[in-house]
Amino acid sequence: MVVKVASRCNMDCSYCYIYHGQDTSWKSMPRTMQPAVFDALVDEVAELHQRQQTKPNVVFHGGEPLLLGISRLRDVVVALVHRVPDISMSIQTNGTIYNSSLERLLVDHRANLTFSISVDGFAPENDRHRIGLRERSVYHQIDATLKRSSQAGVLDNILMVVDIRNDPARIYQFMLASGARHYNILLQDGDHDHLPSGKLDKGAVDVGHWLWKLFRLYAAVPQEFRIKLFDDISLSLLKKARGIQMPSSTYSLCTMTVDTDGEVKQADTFRINRDGADRLAGENIVESALHELANSPANRESLKSTEELSAQCTACCYLDACGGGFPSHRAKGGSFRNPSIYCADYLYLFEHMERALCH
Amino acid sequence: MTPDFEVQLSPEYLAKIEADLKAGVKLLASVNAFTEYNRGGGPGGSYDRHYDKSTGGITPSSTDNAST
């Protein structure tokens, strides 16, 4: 569950799917989540936990979630842990805000709360897209957060977005230096109707080649960290080679987003596709039960539409490794039944990794 | 094999993925196989926008029961 505790950000990243996508809903949202919404959120997460019998995963997100204020964030964390002792929570931040109060919160709730920073490398790489308001670099603040959180032992994860103009060797050096235990690599958001600046030719494999170069650096020597994208693909390819089938299920993983006004929506990343693309029936968590909204006809229909794959995808030998790609990246004219805009890159990467792993 | 395909994978990396595979297969025997395997949320519960199906995991066959 993505919980938008703040609707604004103190950065202005050029590729941001919230502020530079097709959706403009953030403009009319309360700047921060209000107490009544927090109270309902705690109740509904506890209820959902009992009903689905698995640990809920709550991600504090924004905008920049720490604009809520550390004290208010602590109150929510404490309330959620009190109601759901084994809850899993994380903070996804741009890394510009870090102080002793936040560090205390992360240390105190280490069993339940992880800390993840979005940063794209050292200053030259990061500042291509991730800049502060009025186009000023804020890398010195992010760097200070990386160092302090790493030294405190609370830096869990770093999310990085690919720009093929960056040297993969420099990105690898950043990973070695920054001290996180987990990294993940994201591709710039866009769809067939709105190609991202880093993917203007759908037939090119530049992104796949870039990823392959980073994988070669990563997998050639023992590492203290993991890169989820590569490890997940390696695992899928190994299963494919060994003929191991994972079971299908009647369950479907779905991400719900609670906005600062309490409205419950789909995964917020659909905002890259069109204005209001993540909206469901306009229900609010203050008035409606979250488990009912998760199982509502509107949500089921929406999940179904995003899970249906193109004939090209269902016939592809790499379907299990790819799954059709990130749904937002498959959108074209309102339909998700298309290959990803990164299909050629994925194929390039899968083919190369398969040869390396399985031959 | 073209030079571009050539890569020397470390034994440690291969062992790590083999361990992931064994853990995944072991999970198949669990009654919580799907929910455990497909929890999403990234490492340690961290936010990860590839939680859905983009990088593998079990492919859901229907949307009978949505979980958050």
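Criteria and thresholds
Residues numbered from 1 in each chain as written. Chains lettered and ligands numbered in written order. Predicted model: local features only at pLDDT ≥ 70, side-chain atom pairs only at ≥ 80, totals over all residues. Helix = DSSP H or I, 4+ residues; strand = E, 2+ residues; numbered from the N terminus. Rg over C-alpha atoms; globule rule 2.2 N^0.38 Å. Buried ≥ 20, exposed ≤ 12 C-beta atoms within 10 Å, placed from the backbone. Contact = placed C-beta atoms within 7 Å. Pairing = 2+ DSSP bridges. Core = buried A, V, L, I, M, F, W, Y, C linked by C-beta atoms within 7 Å. Expected span 1.5 Å × (residues − 1). Arc of directions from axis to C-beta. Right-handed = clockwise from strand over helix to strand, strands pointing away. pLDDT = per-residue confidence, 0-100. Axes fitted to C-alpha atoms, helices over the stretch in contact; angles between N-to-C directions. Parallel < 35°, antiparallel > 145°, perpendicular 65-115°, else oblique. Nonpolar A, V, L, I, M, F, W, Y, C, P; charged D, E, K, R; others polar. Left-handed = near helix turned anticlockwise from the far one by under 90°.

## Some points on the overall build of chain A
For step 1, the next point in the chain: Assigned secondary structure in chain A consists of 13 helices and eleven strands.
For step 2, the next point in the chain: Expected size for 359 residues packed as a compact globule is a radius of gyration near 21 Å; at 20 Å, chain A falls within 12% of this value.
For step 3, the next point in the chain: Its C-alpha atoms put chain A at 55 × 45 × 40 Å along the principal axes.
For step 4, the next point in the chain: Counting over 359 residues, chain A shows a buried share of 53%.
For step 5, the next point in the chain: Considering only intrachain contacts with a sequence separation of at least 6, the fraction spanning at least 24 residues in chain A is 75%.

## Focus on the overall build of chain B
For step 1, the next point in the chain: Per the secondary structure count, chain B includes two helices and one strand.
For step 2, the next point in the chain: Sequence-ordered secondary structure for chain B, helices as α and strands as β, is α-α-β.
For step 3, the next point in the chain: With 68 residues in all, chain B has 40% of them scored as buried.

## Here we look at the sheet that holds strand 11 (residues 279-284) of chain A
Residues and elements named next belong to chain A.
For step 1, the next point in the chain: Taken in spatial order, the ten strands make up an open sheet running 7-6-5-4-3-2-1-9-10-11, and their pairing is mixed. The outermost strands of the open sheet, each flanked by one partner alone, are strand 7 (226-227) and strand 11.
For step 2, the next point in the chain: Alignment of strand 10 (residues 263-265) against strand 11, held across two bridges, turns out to be antiparallel. Residue Lys 265 lies in a different strand from strand 11, and its bridge partner there is Arg 279.

## So, the nonpolar core
For step 1, the next point in the chain: Core analysis: the largest hydrophobic core is formed by 101 residues, its most contacted members being A:Val3 and A:Val58.
For step 2, the next point in the chain: Ignoring any residue separated from it by four or fewer positions in sequence, one finds A:Val3 in contact with A:Leu41, A:Val58, A:Val59, A:Phe60, A:His61 and A:Val258.

## Here we look at helix 5 (residues 139-151) of chain A
All names here are of chain A.
For step 1, the next point in the chain: With 13 residues, helix 5 extends 18 Å between its outermost C-alpha atoms, agreeing within 8% with the 18 Å of an ideal straight helix rising 1.5 Å per residue.
For step 2, the next point in the chain: The complete set of buried residues in helix 5 reads Tyr 139, Ile 142, Thr 145, Leu 146 and Ser 149. What you see down the axis of helix 5 is that its buried residues fit within an arc of 120°, all on one side. Among the exposed residues of helix 5, those oriented more than 90 degrees off its buried face are His 140 and Gln 151.
For step 3, the next point in the chain: Each element contacted by the buried residues of helix 5 is listed here: strand 4 (113-118), helix 4 (123-126) and helix 6 (168-178).

## Quick notes on the pairing of strand 4 of chain A
Across a regular strand the side chains alternate sides, sitting on one face of the sheet and then on the other.
Residue and element names in this part refer to chain A.
For step 1, the next point in the chain: With six of six residues buried, strand 4 lies mostly within the body of the structure.
For step 2, the next point in the chain: With burial as the criterion, each face of strand 4 is covered, one bearing Leu 113, Phe 115 and Ile 117 and the other bearing Thr 114, Ser 116 and Ser 118.
For step 3, the next point in the chain: Sheet topology places strand 3 (residues 88-93) next to strand 4; five bridges connect them, and they run parallel. Note on strand 4: the bridge partner recorded for Met 89 is Leu 113.
For step 4, the next point in the chain: At this point the chain moves from strand 3, through helix 3 (residues 100-108), to the parallel strand 4, and the crossover so formed is right-handed.
For step 5, the next point in the chain: Pairing analysis gives three bridges linking strand 4 to strand 5 (residues 157-161), with the strands arranged parallel. Looking at strand 5, one finds that Ser 116 is bridged to Asn 157.

## Observations concerning the confidence of the model for chain B
Interpreting fine coordinate detail is not advised for predicted regions of low pLDDT.
For step 1, the next point in the chain: Mean pLDDT over chain B stands at 56; residues scoring 70 or higher make up 34%.
For step 2, the next point in the chain: Per-element confidence in chain B is highest for helix 1 (residues 11-27) of chain B, whose mean pLDDT is 87, and lowest for strand 1 (residues 65-67) of chain B, whose mean pLDDT is 32.

## Some details on the packing of helix 2 (residues 70-83) of chain A against helix 3 of chain A
Residues and elements named next belong to chain A.
For step 1, the next point in the chain: It is the contact of helix 2 with helix 3, at a shortest axis distance of 10 Å, that shows an interaxial angle of 10°. If you check the angle between helix 2 and helix 3, you find them roughly parallel. Judged by residue contacts, Ile 70, Leu 73, Arg 74 and Val 77 of helix 2 engage Ser 101, Leu 102 and Leu 105 from helix 3.
For step 2, the next point in the chain: Class assignment of the residues belonging to the contact of helix 2 with helix 3 gives a composition of five nonpolar, one polar and one charged.

## A few points about the pairing of strand 2 (residues 57-61) of chain A
Residues and elements named next belong to chain A.
For step 1, the next point in the chain: Taking burial as the measure, the five residues of strand 2 include five buried ones, the bulk of the element.
For step 2, the next point in the chain: With three bridges joining them, strand 1 (residues 2-4) and strand 2 adopt parallel strand pairing. Within strand 2, the residue paired with Val 3 across the bridge is Phe 60.
For step 3, the next point in the chain: Judged from the four bridges that link them, strand 2 and strand 3 form a sheet pairing that is parallel. Among the inter-strand pairings, Val 58 is bridged to a residue of strand 3, identified as Met 89.
For step 4, the next point in the chain: Each parallel crossover has a hand, and the one from strand 2 via helix 2 to strand 3 is right-handed.

## Describing helix 7 (residues 206-219) of chain A
One turn of the α-helix equals 3.6 residues, which is why residues spaced by three or four share an orientation.
For step 1, the next point in the chain: Compared with the 20 Å implied by 1.5 Å per residue over 14 residues, the 20 Å span of helix 7 of chain A between its first and last C-alpha is a close match.
For step 2, the next point in the chain: Those residues of helix 7 of chain A that sit buried are A:Val207, A:Gly208, A:Trp210, A:Leu211, A:Trp212, A:Leu214, A:Phe215, A:Tyr218 and A:Ala219.

## Considering the environment of A:Val45
Residue and element names in this part refer to chain A.
For step 1, the next point in the chain: Relative to the helices and strands, Val 45 resides in helix 1 (residues 35-52).
For step 2, the next point in the chain: The spatial distance from the C-alpha of Val 45 to the C-alpha of Ile 87 is 9.2 Å, given a sequence separation of 42 residues.
For step 3, the next point in the chain: Excluding its chain neighbours within four sequence positions, the residues that come into contact with Val 45 are Pro 56, Val 58, Leu 80 and Val 84.

## Points about unusual backbone geometry
Of all residues except glycine, most have a negative phi; of all peptide bonds, most are trans.
Residues and elements named next belong to chain A.
For step 1, the next point in the chain: Following Gly 62, the chain continues to Gly 63 via a peptide bond in cis, the omega torsion being 10°.
For step 2, the next point in the chain: By secondary structure assignment, the location of Gly 63 is in the loop between strand 2 and helix 2.
For step 3, the next point in the chain: Its identity is not glycine, yet Arg 134 carries a phi of approximately 60°, on the positive side.
For step 4, the next point in the chain: Along the chain, the position of Arg 134 falls in the loop between helix 4 and helix 5.

## A word on the packing of helix 6 of chain A against helix 7 of chain A
Residues and elements named next belong to chain A.
For step 1, the next point in the chain: Relative to each other, helix 6 and helix 7 sit at 45°, their axes nearing to 9 Å. Comparing their axes, helix 7 and helix 6 come out oblique. Judged by the sense of rotation from one axis to the other, the crossing of helix 6 with helix 7 is right-handed. Contact with helix 6, carried on its side by Pro 168, Ala 169, Ile 171 and Tyr 172, involves Trp 210, Lys 213, Leu 214, Leu 217 and Tyr 218 of helix 7 and no other residues of that element.
For step 2, the next point in the chain: Of the residues that constitute the contact of helix 6 with helix 7, the class distribution is eight nonpolar, no polar and one charged.

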